[in-house]
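# Secondary and tertiary structure notes
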Amino acid sequence: MNKIKVLDIKLKIVRGRPGPGEKRFQYSTLVEYILEENEDGTSLTMGVTPPTYFFLKQVLKTKLTDLERVIYHSIRTDFRIYFRELFIQNNLLNIKLKKVLAESIDEIIIDELRAVGRQGYTFSASIYLTNGQRIPNVIPSDAVVLALLAKKDIYIGDNVLKEKVRLDKEFQEQLTGKKESNRKDDKKPKELIGPKNIYT
């Protein structure tokens, strides 16, 4: 597996849903990984849950837009501090955590993509530690947060990009095939369905 370095991370909110098989929401929260030059010249975009999106905003130290502020306050029903937010908001914990993570983590690689259902997929990441250990099957956004706090490099496996292109094409063909079969069915004269034994 070749790995491609992530140069930048952009967070964005779009209308609609992150993938064709996912439940439709009014807005979708996305993370876009900007990659160094590669054959396809593509970036990798993933849907994340709104709480994760806003936590990443805190880690990246970016201000909320007006739309983000509205969405944040509409989803945040409990204003107590979450466990992971403690490490961002408390200066001593933040410094200590960054030191430990910097000493423990070597790099993060988003290295797996699995199809889920007929029109969806999930990504997984591996955390590589300085002692040579690998922690596989980590939710990518969680692994990325650790890498950002530790100021370590983030990579994406080229196998993930290739598999995503393949699955997207497959899902698109399925959707196109369904639309075409629905059009053909519409052209056929419809039989009148009524009771079989009718007395006149």
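### Focus: the side chain of glutamate 85
The topology assignment puts glutamate 85 in helix 3 (residues 83-89). Setting aside its immediate chain neighbours within four residues, glutamate 85 contacts Phe55, Gln58, Arg76 and Arg80.

### Notes on the pattern of salt bridges
Tallying each qualifying case throughout the model produces 14 salt bridges. A salt bridge links aspartate 78 to arginine 80, with the shortest nitrogen-to-oxygen separation between them at 2.5 Å. Judged by relative accessible area, arginine 80 falls into the exposed class, the value being 63%. When the shortest N-O distance is used, the salt bridge between glutamate 170 and arginine 166 registers 2.9 Å. A residue pair is termed a helical-turn pair when its members lie 3 or 4 positions apart in one helix, as glutamate 170 and arginine 166 do in helix 6 (residues 158-187) at four residues. Of the residues examined, glutamate 170 reaches a relative accessible area of 31% and is grouped as partly exposed. It is possible to trace a salt-bridge network through shared partners that takes in Glu163, Arg166 and Glu170.

### Things to note about the confidence of the model for the chain
The predicted model of the chain averages 83 in pLDDT, with 82% of residues at 70 or higher. By mean pLDDT, the top-scoring element of the chain is strand 6 (residues 134-138) (97), and the lowest-scoring one is helix 6 (78). Counting contacts from residues 192-200, a segment whose pLDDT is below 50, to residues more than four positions away or on other chains yields zero contacts.

Rules behind the numbers
Residues numbered from 1 in each chain as written. Predicted model: local features only at pLDDT ≥ 70, side-chain atom pairs only at ≥ 80, totals over all residues. Heavy atoms only, no water. Helix = DSSP H or I, 4+ residues; strand = E, 2+ residues; numbered from the N terminus. Contact = heavy atoms within 4.5 Å. Salt bridge = Lys/Arg side-chain N within 4 Å of Asp/Glu carboxyl O. Buried < 20%, exposed > 50% of the residue type's maximum accessible area, 1.4 Å probe, protein only. pLDDT = per-residue confidence, 0-100.

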